[in-house]
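# Report on the structure
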Amino acid sequence: ALELRDGGCRFPGCDRAASWCEAHHVIFWARGGLTCLSNLVLLCQFHHSMVHEGHWRLELDDQTWQVRVWRPDGRPHDLTSQPRGPTGRPS
């Protein structure tokens, strides 16, 4: 269901296919986040690490499935200054 809904990495601007992705708990499992569709998004390994190790924050609207991203400093993610993915292109 997650692969069908997301189709690939849900980090804005990333085009990695679902086969390159991992399920990410929007509310971390260790903090009581449920393993259910409304709390999961697919992220490629690069963006999954960036969220966990780099302290980026995601929110998932459970009505529209829209993903919103915040930088570690609390600013909303701006697609004009995207972090680079593993291929060197914006991700």
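This report concerns the structure included in the present document. Given the structure is predicted, the values throughout are model-derived calculations rather than measurements.

## Observations concerning unusual backbone geometry
Notably, histidine 55 is not glycine yet its phi reads approximately 65°, a positive angle. Turning to its location among the elements, histidine 55 is positioned in the loop between helix 2 (45-54) and strand 3 (57-60). On the basis of relative accessible area, histidine 55 is assigned to the exposed category, the value being 59%.

## Quick look at the packing of aromatic side chains
This structure, assessed with the given rule, holds one aromatic pair. Over the face of the ring belonging to tryptophan 65 we find arginine 5, whose NZ or CZ atom lies 4.4 Å from the ring centre. The ring of tryptophan 70 has arginine 57 sitting right over it, with the charged end atom 4.3 Å from the ring centre.

## Notes on the pairing of strand 4 (residues 67-70)
With four bridges joining them, strand 3 and strand 4 adopt antiparallel strand pairing. What sits directly across from leucine 60, in strand 4, is valine 67. Remark: six residues form the turn of the hairpin made by strand 3 and strand 4, two consecutive strands paired antiparallel; tryptophan 65 in that turn has positive phi of roughly 65°.

## What to know about the nonpolar core
Counting residues in each nonpolar core, the largest one holds 19 residues, and the members touching the most others are Cys9, Phe11, Val41, Leu43 and Leu58. Looking at this core, the elements with two or more residues in it are strand 2 (40-44), helix 2, strand 3 and strand 4. In terms of residue count, the dominant contributor to this core is strand 2 (five residues).

Reading the values: the criteria
Residues numbered from 1 in each chain as written. Predicted model: local features only at pLDDT ≥ 70, side-chain atom pairs only at ≥ 80, totals over all residues. Heavy atoms only, no water. Helix = DSSP H or I, 4+ residues; strand = E, 2+ residues; numbered from the N terminus. Buried < 20%, exposed > 50% of the residue type's maximum accessible area, 1.4 Å probe, protein only. Phe/Tyr/Trp six-rings, centres within 6.5 Å; stacked < 30°, edge-to-face > 60°. Lys NZ or Arg CZ within 6 Å of the ring centre and 35° of its normal. Pairing = 2+ DSSP bridges. Core = buried A, V, L, I, M, F, W, Y, C linked by side-chain atoms within 4.5 Å.

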